[in-house]
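Descriptive structure summary
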Amino acid sequence: MEERHELLRGLPKVDEVLLDERLFLFASTPRDIIVESVREVIDTFRQEILSGERTCQVNNEEVFDKLSKILKERARMNLRRVLNATGVVLHTNLGRSRLSRQAYNAICEIADSYSTLEYDLKLGERGSRHDIISGIIKKVTGAQAAIAVNNNAAATMIVLAALARGKEVVISRGELVEVGGAFRIPDVMSESGAILKEVGATNKTRTSDYIAAYDPEKTAIFLKVHTSNYRIVGFTEDVSLNEMVELGKKYSVPVVYDMGNGLISDLSRYGLHEPTVSEALKAGADIVLFSGDKLLGGPQAGVIIGKKKYIDIIKKHPLARAFRVDKLTLAALEATFGSYIDGNNAIKDIPTLRMICESVQSLKLRAGKLKEIFEEYCPGFNYEIEECIDQVGGGSAPTDDLKGYGVSITGGGLSAQKLERRLRKAETPLIVRINHDRVLVNVRTLSDDEFLLAAQAVKSAQEGEENA
Ligand SMILES: *Cc1c(COP(=O)(O)O)cnc(C)c1O
């Protein structure tokens, strides 16, 4: 009893702790929060003493350590940076595309200043935010007109609402796609006020199906949707975009192509087999839609390109206001398209393309580098360079597996599950996959300048820290 009194009396006082010079580290934290946290820490120690769990003096160091942990946690944003070591390039849960340096700089420039968002510098009067990027999108894609909206789901919605409200949209049963997060083409269709006219069967649709469905009074659009996240294989038949365009011309019905991924130029020599935007326009589609943050490698957005007469109708639709993009998105989108003006720059500048196109040799080399850093920085685990299968992800190229390399981590007295959990709780969380009961750190989605942060996460896992 006597001893407990002694320990309680020895507890640092709130005022004492508040005088600790190291609190300057938390200069931006409101005073009230610091005081409250100090009380909380001291109280935790008090409880430990009272319960008999604690039998020795509490020193200032311990108090400060606990305090700084609590304060860091409180200051932590909910939207946090993580390290993607999954090898899935367009990881939807981790924010899809990383932006290029150019896009990043453009955002920074615009974020804390006024800008020409809706201001025409030449005329000194109101301008249109649509004009900011329509020029560069037209230049890169060769389209007649362009507009950007919030995302590709919004693009689909506004196109259908503006061009097919109360009318029929003919689409193959094999293309009634669901994209992640319960975005289903049939649901979007009914929300937009358009009437779904499904044709063909899941595995087979023929030109004659579209012809049979055509009604001069009712048909507003022939819609083709790229099956971005699945493939129908085996006994199949579908109508190519070229054939649909022919039909569209014959019946004067616009052909709309939702291609999802937004790949600008062909990457088949890198093992990626996806349709490109220029192919779609060359085939003669009247309107083409795609995401900004999939294979284009830019910010979240939906890009609508095609014939001017249709884009003009879309621009005037009330949803254009509801779906319009923010200035930061416009800044990033303009810069992203900027990298495509010279095709060679795109693969160099845009992380999504760079990661997809990285050679197996380079990946192996980088895995070796990462292994060395791990071994030096946190011995105690076993590290092995391993071959692995990476993915484009984001509902793109579901059948194109990319051969990759990673570093597996075993040992250290931790199960793969426990290690994975601790890595996720590091100061900068390292998100990994477990493969054959081993934690695997894939290097494709990890840049060189993140290797040290990854090693720090491994070190903190080793030390048993679970920060959050
Ligand atoms: C991804 C995708 C969408 C949805 O795009 P978001 O930008 O995520 O809204 C729509 N259609 C297709 C074919 C897609 O692949």
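Residues numbered from 1 in each chain as written. Predicted model: local features only at pLDDT ≥ 70, side-chain atom pairs only at ≥ 80, totals over all residues. Heavy atoms only, no water.

**What about the site of the ligand?**
- The immediate surroundings of the ligand are formed by 13 residues, with Ala153, Ser228, Asp258, Ser291 and Lys294 found nearest.
- Here an oxygen atom of the ligand sits 2.6 Å away from a polar atom, N or O, in the side chain of Ser291.
- Between the ligand and Lys294 there is a distance of 2.7 Å, counted from an oxygen atom to a side-chain nitrogen or oxygen.
- Taking 380 Å² as the accessible area of the ligand by itself, protein coverage stands at 93%.
- Every element with two or more residues in the shell around the ligand is listed here: helix H7 (152–164) and strand S11 (255–260).
- Residue composition of the shell around the ligand, by class: four nonpolar, six polar and three charged. (Near = heavy atom within 4 Å. Polar contact = N/O pair within 3.5 Å; in protein donor to acceptor, adjacent residues only side chain to side chain. Areas by Shrake-Rupley, 256 points an atom, 1.4 Å probe, with all protein chains shown as cover. Helix = DSSP H or I, 4+ residues; strand = E, 2+ residues; numbered from the N terminus. Nonpolar A, V, L, I, M, F, W, Y, C, P; charged D, E, K, R; others polar.)

**Overview of the sheet that holds strand S1 (residues 83–85)**
- Taken in spatial order, the six strands line up as S1-S16-S17-S15-S14-S2 in an open sheet, and their pairing is mixed. Each of the sheet's edge strands pairs with one partner strand only, and the pair in question is S1 and strand S2 (88–90). In this sheet, neighbouring strand axes are inclined to one another by 35 degrees on average, regardless of whether the strands run parallel or antiparallel.
- As defined by bridge partners, strand S14 (residues 382–393) adjoins strand S15 (residues 396–410) across eleven bridges and the pair is classed as antiparallel. Paired with Asp390 across the bridge in S15 is Leu402.
- On the sheet, helix H19 (residues 451–462) packs against S1, S14, S15 and strand S16 (430–435) and is oriented at approximately 70 degrees with respect to S16. (Pairing = 2+ DSSP bridges. Axes fitted to C-alpha atoms, helices over the stretch in contact; angles between N-to-C directions. Contact = heavy atoms within 4.5 Å.)

**Focus on the UniProt feature "domain: L-seryl-tRNA selenium transferase N-terminal" (unreviewed entry) in the protein**
- Sites flagged by UniProt as "domain: L-seryl-tRNA selenium transferase N-terminal" (unreviewed entry) map to residues 8–44.
- Annotation note: span residues 8–44, helix share 59%, strand share 0%, distance between end C-alpha atoms 12 Å. (UniProt positions renumbered as here; feature names shortened; annotations may be inferred.)

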